[in-house]
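# Analysis of the macromolecular model
One-letter residues, chain by chain:
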Amino acid sequence: MTLLRVEDLHTHFIARNLDNEIQVAKALNGVSFSLDAGRILGLVGETGAGKSLTATSIMGLLRPPARIMGGRALFQGQDLLAMPDDDLNALRGRDIALVVQSPKSSLDPLSRIGDQLIRIRRAHRGGSVAEARDKAIAMLGSLGIPDPARRMRAWPHELSGGMAQRVLIALALMNEPQLLIADEPTTGLDVTVQAQILDLLRDLVRRTGIGAMIITHDLGVVAHYCDEMAVMYAGAIVESGPVRQVFRRPTHPYTVNLIGATPERLRLGATRTVGGPPPNLRALPPGCPYQDRCPQAGADCTTIPPDVALGEGHVARCHRVAA
Ligand SMILES: Nc1ncnc2c1ncn2[C@@H]1O[C@H](COP(=O)(O)OP(=O)(O)OP(=O)(O)O)[C@@H](O)[C@H]1O
Ligand SMILES: [Mg+2]
């Protein structure tokens, strides 16, 4: 069952420069993907590709000068982008939860973590403080936090990075969401803690059947924990499909470049194919966003490439593949 379907999402940053000229940075340029219940989707791409912006656009958390210019984000069939603010607020934190990229700064420094957990539960689900407290303690325990009842009284500044990340995940899960979006949930944590947290997330998805999207620039995380993947470049998905298929047969030249650079493939003799500067979102060429860095670019790349189906849900957006 499709839980989330994002269709042709465009988000721009529109601002005036010092000369009062309007400047448009086209940060998302037609992002489309879908996520089924019970599955984990990995969204990958280099820094600035638009991964976090995709999440905040879907969640209705954009701030000016960012503006959604078009597209739909259907959650259980309802378009989040067209929903009245009150309805979206009710969904967010309850049916859809986002774990943001910087854990420390997103905990309320002035509240004990137990109070934060209790508050989010009661804001969306009501019930007594005692019920919410029991739920919170159980949640911390299920996330592998030792002595959870005592931890409820901790302040955010007392937590290690790994602990803060678990608390954020606990906050996201307190209302039993259907969809969890986790933005770099383990970046900066040591590998042991990273594996613990990702194991927990995977178990949760398998046990409860929720859908999860993990945003990461770590292909190892995608290979080990995700079912599907979507590769993002300059605000567009250039390749997507089941993780096995995409790793076995990376097809878009950008994916080839990205996957070619992983240690496993380097051992197999693959090399990085191109370098070059990151794309300028204020002056993207028409057509394929990767054309300036692509070793296979040709004259036809100035028109938007088709999404070419490669079988078993594997799709690449590239003229060379189509040819
Ligand atoms: N106020 C702004 N004005 C113009 N462009 C902006 C603004 N804020 C962000 N951007 C651009 O939006 C693009 C998308 O940013 P986003 O944070 O989604 O990247 P990301 O893929 O999450 O990267 P990272 O891996 O570093 O987290 C970036 O290229 C960034 O430069
Ligand atoms: Mg980001």
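All figures in this text were calculated on a predicted structure; none of them were measured in a lab. (Residues numbered from 1 in each chain as written. Chains lettered and ligands numbered in written order. Predicted model: local features only at pLDDT ≥ 70, side-chain atom pairs only at ≥ 80, totals over all residues. Heavy atoms only, no water.)

## Some points on unusual backbone geometry
In this structure, the amide linkage connecting Pro 64 to the following residue, Pro 65, adopts the cis form with an omega of 5 degrees. With respect to the element layout, Pro 65 can be found in the loop between α1 (51-58) and β4 (66-75). Of note, Asp 8 is a non-glycine position whose phi angle comes to about 50 degrees, a positive value. Residue position: Asp 8 is located in strand β1 (residues 2-16). On the basis of relative accessible area, Asp 8 is assigned to the partly exposed category, the value being 43%. Backbone geometry places Asp 147, a non-glycine residue, at a positive phi of 50 degrees. Residue class for Asp 147 comes out partly exposed when judged on its relative accessible area of 42%. (Helix = DSSP H or I, 4+ residues; strand = E, 2+ residues; numbered from the N terminus. Buried < 20%, exposed > 50% of the residue type's maximum accessible area, 1.4 Å probe, protein only.)

## Focus on helix α5 (residues 129-142)
End to end, α5 covers 20 Å across 14 residues, agreeing with the expected 20 Å (1.5 Å per residue, within 8%). Within the sequence span of α5, burial applies to Ala 132, Ala 136, Met 139 and Leu 140. All buried residues of α5 lie within an arc of 95 degrees about the axis, which places them on one face of the element. In α5, the exposed positions angled more than 90 degrees off the buried face are occupied by Glu 131, Asp 134 and Ala 138. On its buried side, α5 packs onto α4 (113-125), α6 (148-151) and α7 (161-173). (Expected span 1.5 Å × (residues − 1). Arc of directions from axis to C-beta. Contact = heavy atoms within 4.5 Å.)

## So, the packing of aromatic side chains
For the structure on display, the rule yields three aromatic pairs. Seen in terms of ring centroids, Tyr 233 and Tyr 290 are 4.8 Å apart; in terms of plane orientation they differ by 80 degrees. Their pairing is edge-to-face. With Tyr 233 in strand β9 (residues 228-233) and Tyr 290 in the loop between α12 (263-267) and β11 (307-311), this pair connects stretches of sequence that are 57 residues apart. This pair shows no difference in class: Tyr 233 is buried, exactly as Tyr 290 is. Seen in terms of ring centroids, Tyr 254 and Tyr 290 are 5.3 Å apart; in terms of plane orientation they differ by 65 degrees. Their pairing is edge-to-face. Within this pair, whereas Tyr 254 is found in helix α11 (residues 253-260), its partner Tyr 290 is found in the loop between α12 and β11, the two being separated by 36 residues in sequence. (Phe/Tyr/Trp six-rings, centres within 6.5 Å; stacked < 30°, edge-to-face > 60°.)

## Side note on the domain arrangement of the chain
One can read the domain layout of the chain as domain 1 (2-233) and domain 2 (251-323). Distance between the C-alpha centres of domain 1 and domain 2: 28 Å. Between domain 1 and domain 2 the total buried area reaches about 1200 Å² when both faces are included, carbon and sulfur atoms providing 63% of it. Sorting the residues of domain 1 by area buried against domain 2 places Glu 46, Leu 219 and Tyr 233 first, and these three jointly supply 48% of that buried surface. Joining domain 1 to domain 2, the criterion identifies one salt bridge. Of the charged contacts in the structure, one is a salt bridge between Glu 46 and Arg 293, with a shortest N-O distance of 3.0 Å. Sorting the residues of the side of domain 1 that touches domain 2 by element identifies β2 (22-36) and β9 as the ones contributing at least two each. (Domains from an automatic or database assignment. Buried area = accessible area lost by both parts, 1.4 Å probe. Salt bridge = Lys/Arg side-chain N within 4 Å of Asp/Glu carboxyl O.)

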